[in-house]
Amino acid sequence: MGKELIINVFILLFVGTSLPAQNAIVLNADLGNDTISRHIYGHFSEHLGRCIYGGFFVGEDNTKIPNVQGVRKDVLGALKELKIPNLRWPGGCFADTYHWKDGIGPKEDRATIVNTWWGGVTEDNSFGTHEFLNMCEMLDAEPYLSANVGSGTVQETADWVQYVNFDGVSPMADLRRENGREKPWKVKYWGVGNEAWGCGGNMTAEYYADVYRRYVTFMKSRGIYLIASGASSDDYQWTEVLMKNIPHRMLDGVALHHYSVIDWSAKSSATEFTEEQYFETMDRAWRMEELIQKHTTIMDQYDPEKRVDLIVDEWGGWYNVEPGTNPGFLYQQNTMRDAMIAGLTLNIFNNHADRVKMANLAQTINVLQAVILTDEEKMILTPTYHVMKMYNVHQDALLLPINIKTEQYQYGDKKLDAVSASASKDNMGRVHISLVNIDAHETKTVTVDLRSFAVNTVSGQILKSAKLQDHNTYSDPEMIVPTDFNGFKKMGNTLSVELPPFSVVVLECR
Ligand code: AHR
């Protein structure tokens, strides 16, 4: 027996069992400074396709679809279960064409406009400020209003703030009362324009920073939180100019938009995609980590105290529309690939809880990476819905720092980290660990060392399916639902967890 062989046999016999696992997480349950803001789990509802009309709102006179003041009861129930913390409205690109006064008062008198960004359809403004803000109250979600900077006026936005927030006597507060609402809604979150570099006005960062300063000077209301229209993906210059040119006393958040799209001119089908397309989508989803790190580095330079937050108010997968549907409606199905995007991205947001304080998945219903799909009176919940619900245990919990070592998911000669994770401790002392394995073929065994945290009981849920392309349909609405997970072994304070290919697991340790 050669010397090398003897050494190898020795390692195998005596050291093998204590060799570090290939996928290993060390979880520091005794550390942690940052709370994971529940607003990271926010949503976005634009006047786009069937998101508002048919999705949220079917009209007060609809006798076929059960509703409360025109809002679908099934949708209200599903979103409350999800614990949606906030809802952004009315856009998106639509926001910079929206004149809020068109959407108040008696419905028969409301202006009819054309939705120039999305399908050129007629917008009758039957869903306006009152309908949206009352709906947020029903959902127990904070409204996040996007003001029209692109084609609106400073006065119009100042009036909107006064209309929804002012308690005393004023022309706008009186108008609100005339329209049936005595008490103001006290809207905290305000976006000042949307994608000002593009559909919001094609501005330069320098010009927008000036416009922003002018707008917020007149948005007077105590305690409001002002969000500047932010960069597209890796436009770091945009973030730098905003951080440099806007006094931080006028700025609470800087936005960022990033979609997991393979190629804007060659998008894939939502349901019929190859493994290569899946891999490329995962690559774009993982990019969120790099984007947040780099935008944060710039923000840290100008704001080391982290007073200004990073607000990822549009994110998600973007594919071709479903065949036969209006290309301007952005209606797409939602598969296990989307569950992977959601699990991965939410872990990234959680792990950056010190700077990322809000995020909004695009969009809630029937548009892009939706959590709900509807067809007349039918409604289904997507795999993305289930991931967001499994993860809601992290809302407002203490982020626990983790160290992670992961194997790679390899496709051809390209590689990505296969396992992603985040962990938090809630106010009952329970530790939740969310784990994602994006590998399309291999199960990943992950060792989780909880160090000094004395683990008594562990329970979990898993979202998985046979094929990446699997999705829920109206004829099979529960093809993909979370199930109880018992693919773990507990050895003292260490867990060995088996993550099947393309699965999401959330563990609860007490
Ligand atoms: O979410 C769809 C669109 O994507 C939004 O209207 C716009 O802000 C972004 O480009």
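Since the model is a prediction, treat every value here as computed from it, not as a measurement.

Sorry if this is basic, but what is going on with the packing of helix α9 (residues 336-351) against helix α10 (residues 383-391) here?
Contact geometry for α9 and α10: axes closest at 8 Å, N-to-C directions at 30°. The pairing of α9 with α10 is recorded here as roughly parallel in orientation. In this structure, the crossing between α9 and α10 has a hand that is right-handed. Of the residues in α10, those touching α9 at Met336, Asp338, Ala339, Ala342, Gly343, Leu346, Asn347 and Asn350 are Pro383, Thr384, Val387, Met388 and Tyr391. Taken together, the residues of the contact of α9 with α10 break down into eight nonpolar, four polar and one charged.

Looking at this structure, how should I read the packing of aromatic side chains?
The geometry of an aromatic ring pair is captured by the separation of the ring centres together with the interplanar angle, meaning the angle of the planes. One pass over the full model with this rule turns up 22 aromatic pairs. Each ring, one from Phe94 and one from Tyr98, has its centre 5.5 Å from the other, and the planes form 40°; the classification is tilted. With respect to burial, Phe94 and Tyr98 carry one shared label: buried. Summarising the aromatic geometry, the rings of Trp100 and Trp160 are spaced 6.2 Å apart at their centres and angled 10° between planes, so their arrangement reads as stacked. Of this pair, Trp100 sits in the loop between β5 (86-89) and β6 (113-114) while Trp160 sits in helix α4 (residues 154-165), placing them 60 residues apart in sequence. Relative accessible area serves as the criterion here: at 2%, Trp100 is assigned to the buried category. What links up through ring pairs into an aromatic cluster is the set Tyr53, Phe57, Trp89, Phe94, Tyr98, Trp100, Phe127, Phe132, Trp160, Tyr163 and Trp190. Of note, Lys378 hangs over the ring of Tyr474, and the distance from its end group to the ring centre comes to 5.6 Å.

Mind showing me how you'd approach empty space enclosed by the protein here?
Empty space among the atoms becomes visible once a probe the size of a water molecule is rolled across them. Scanning the entire structure with this criterion turns up one cavity of 30 Å³ or more. Put simply, the largest cavity is a space of about 50 Å³. In terms of lining residues, the largest cavity is bounded by 13 residues, among which Gly193, Ser229, Ala255, His257 and Asp313 are the most central. The set of elements that each furnish at least two residues to the lining of the largest cavity consists of β10 (225-232) and β11 (253-260). Looking at the lining of the largest cavity, the element that brings in the most residues is β10, giving four residues. Along the lines of polarity and charge, the residues of the lining of the largest cavity split into four nonpolar, six polar and three charged.

The rules behind the values
Residues numbered from 1 in each chain as written. Predicted model: local features only at pLDDT ≥ 70, side-chain atom pairs only at ≥ 80, totals over all residues. Heavy atoms only, no water. Axes fitted to C-alpha atoms, helices over the stretch in contact; angles between N-to-C directions. Helix = DSSP H or I, 4+ residues; strand = E, 2+ residues; numbered from the N terminus. Parallel < 35°, antiparallel > 145°, perpendicular 65-115°, else oblique. Left-handed = near helix turned anticlockwise from the far one by under 90°. Contact = heavy atoms within 4.5 Å. Nonpolar A, V, L, I, M, F, W, Y, C, P; charged D, E, K, R; others polar. Phe/Tyr/Trp six-rings, centres within 6.5 Å; stacked < 30°, edge-to-face > 60°. Buried < 20%, exposed > 50% of the residue type's maximum accessible area, 1.4 Å probe, protein only. Lys NZ or Arg CZ within 6 Å of the ring centre and 35° of its normal. 1 Å grid on protein atoms, 1.4 Å probe; cavity = no way out; pocket = protein on both sides within 12 Å on 5 of 7 lines; lining within 4 Å. Points joined across faces, edges and corners; volume = space filled by probe spheres on them.

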